[in-house]
Amino acid sequence: MASDFHTHNPDTEVRALISSSIPLPGRFTSLEFHPWQLPEIFDSQILPSPDLLPDFAALGEIGIDKLRGPGNDIQQHYLHALLSLAADCQKPVVIHCVHAFQELFAALKHFSGIKVMLHGFNSSPEMLDELWKRNITVSFSRKATDKISLMNKLGNAGGAYGFESDDDPECNVMQLLDKVKTLFNIRDVEKFTDRCFADFLEI
Ligand SMILES: [Zn+2]
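Owing to the predicted nature of the structure, the values given are computational and were not obtained by experimental measurement.

Asks: Tell me about the overall build of the protein chain, residues and numbers included.
Replies: In terms of regular secondary structure, the protein chain is built from 6 helices and 8 strands. Seen in sequence order, the protein chain has helices and strands lined up from the N terminus as β-β-β-β-α-β-α-β-α-β-α-β-α-α. The C-alpha atoms of the protein chain give a radius of gyration of 16 Å, which matches the 17 Å a tight globule of 203 residues would have. Counting only residues that meet the buried cut, the protein chain has 39% of its 203 residues in that class. Taking the intrachain contacts of the protein chain between residues at least 6 apart in sequence as the baseline, contacts between residues at least 24 apart amount to 63%.

Printed below as a string of structure tokens:
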């Protein structure tokens, strides 16, 4: 099997966590509330209703992006409210984080019971260790598989990880797994990531 940790393609043929605003029957869907789409003011009325959550496997992507979307304070306010919703509904979260790791860690401090996956990770090996130290599952996109310093960490991984196609129609998670297996000699990568995927969603 192969597991795609984060995709926007509802028709993907592999086991996947699909970001969507509606639940997709028979699939693992994650209720998306993307920071890019947030309004310029905080409005609790537009938050997803807790009644929606049972039909989804996770909440996200949610998060903070310093390069896009409304101001940092507004994004943090929404993130806090969405993490609170996830905690109440006992759902794992998929996080989108751009240049805002410290803000993310500060927010997560209040919600230690939530399972967290950081999608599209492409930062430093040191930050990867920071995430693993916090028990965060890390999902790598195709770009990250070109970073030798990052991929070299996977042979003796300090935490859970997987791979994602995200919104790239050209990307197939099987190719990423094959690449990592061949180039970095991580033979059991498929089995390991499948287990991380199952642990994250408790399936
Ligand atoms: Zn995405």
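Asks: Summarise the pairing of strand β5 (residues 93-98); cite the residues concerned and give the values.
Replies: Among the 6 residues in β5, 5 count as buried, and that is most of the element. Examined bridge by bridge, strand β4 (residues 58-65) and β5 share 5 bridges and lie parallel to one another. Counted as the bridge partner of Ile62 is Ile95 from β5. Remark: the β4/helix α1 (residues 72-89)/β5 crossover connection has right-handed handedness. Bridging between β5 and strand β6 (residues 116-121) involves 3 bridges; their strand directions are parallel.

Asks: Mind laying out the pairing of strand β3 (residues 28-31), listing which residues take part and the relevant values?
Replies: Pairing of strand β2 (residues 15-20) with β3, which is carried by 4 bridges, proceeds in the parallel orientation. What sits directly across from Ser20, in β3, is Leu31. Relative to β4, β3 is paired through 2 bridges, and the arrangement is parallel. Residue pairing across strands places Ser30 opposite Ala58, the latter belonging to β4.

Asks: Can you explain the nonpolar core? Please cite residues and give values.
Replies: Leu59, Leu82, Val93, Ile95, Leu118 and Val138 are the most contacted members of the largest nonpolar core, which totals 50 residues. Ranked by residue count, the leading element in this core is α1, at 6 residues. Setting aside residues up to four positions removed in sequence, Val93 forms contacts with Ala58, Leu59, Gly60, Ile62, Leu83, Ala86, Ile114 and Val116.

Asks: Talk me through the environment of Cys171; I want residue IDs and the actual numbers.
Replies: Note on placement: Cys171 falls in the loop between β8 (161-163) and α5 (173-184). Placed 29 residues apart in sequence, Cys171 and Arg142 show a C-alpha to C-alpha distance of 7.3 Å. If we ignore the near neighbours within four places in the chain, the residues touching Cys171 are Arg142 and Ser165.

Asks: Got a sec to walk through unusual backbone geometry? Specific residues and values, please.
Replies: With the exception of glycine, the majority of residues adopt a negative phi angle, and the majority of peptide bonds are in the trans configuration. Of note, the amide linkage connecting Gly60 to Glu61 takes the cis form, showing an omega dihedral of 15 degrees. Here Glu61 is to be found in strand β4. At Gln90, a residue that is not glycine, the phi angle is positive and equals roughly 55 degrees. The topology assignment puts Gln90 in the loop between α1 and β5. At Glu202, a position not held by glycine, the phi torsion is positive, near 50 degrees. As for its position among the elements, Glu202 is in the segment after α6 (189-201).

Asks: Provide a residue-level description of the environment of Pro35, including the pertinent values.
Replies: Assignment of secondary structure puts Pro35 in the loop between β3 and β4. Along the backbone, Pro35 and Ile74 are 39 residues apart, and their C-alpha atoms lie at a distance of 9.6 Å. With residues near it in sequence (within four places) discarded, Pro35 still touches Gly63, Ile64, Asp65, Gly69, Gln75 and His96.

Asks: Outline the environment of Leu85, supporting the account with residue identities and numerical values.
Replies: Within the secondary structure layout, Leu85 lies in helix α1. The spacing of Leu85 and Ser49 is 36 residues in sequence and 8.6 Å in space, taken between C-alpha atoms. Those residues in contact with Leu85 that lie beyond four places of it in its chain are Leu47, Pro48, Pro50 and Leu59.

Asks: Quick one: what's the story with α5, residue by residue and with numbers?
Replies: Compared with an ideal rise of 1.5 Å per residue, which puts 12 residues at 16 Å, α5 spans 16 Å between its outermost C-alpha atoms and is within 8% of the ideal. Elements in contact with the buried residues of α5: β1 (3-7), α4 (148-151), β8 and α6. Phi for Asn185, located one or two positions after α5, is positive at around 55 degrees.

Rules used throughout
- Residues numbered from 1 in each chain as written.
- Predicted model: local features only at pLDDT ≥ 70, side-chain atom pairs only at ≥ 80, totals over all residues.
- Helix = DSSP H or I, 4+ residues; strand = E, 2+ residues; numbered from the N terminus.
- Rg over C-alpha atoms; globule rule 2.2 N^0.38 Å.
- Buried ≥ 20, exposed ≤ 12 C-beta atoms within 10 Å, placed from the backbone.
- Contact = placed C-beta atoms within 7 Å.
- Pairing = 2+ DSSP bridges.
- Right-handed = clockwise from strand over helix to strand, strands pointing away.
- Core = buried A, V, L, I, M, F, W, Y, C linked by C-beta atoms within 7 Å.
- Expected span 1.5 Å × (residues − 1).

Fair warning: the whole summary comes from geometry, so function is off the table for now.
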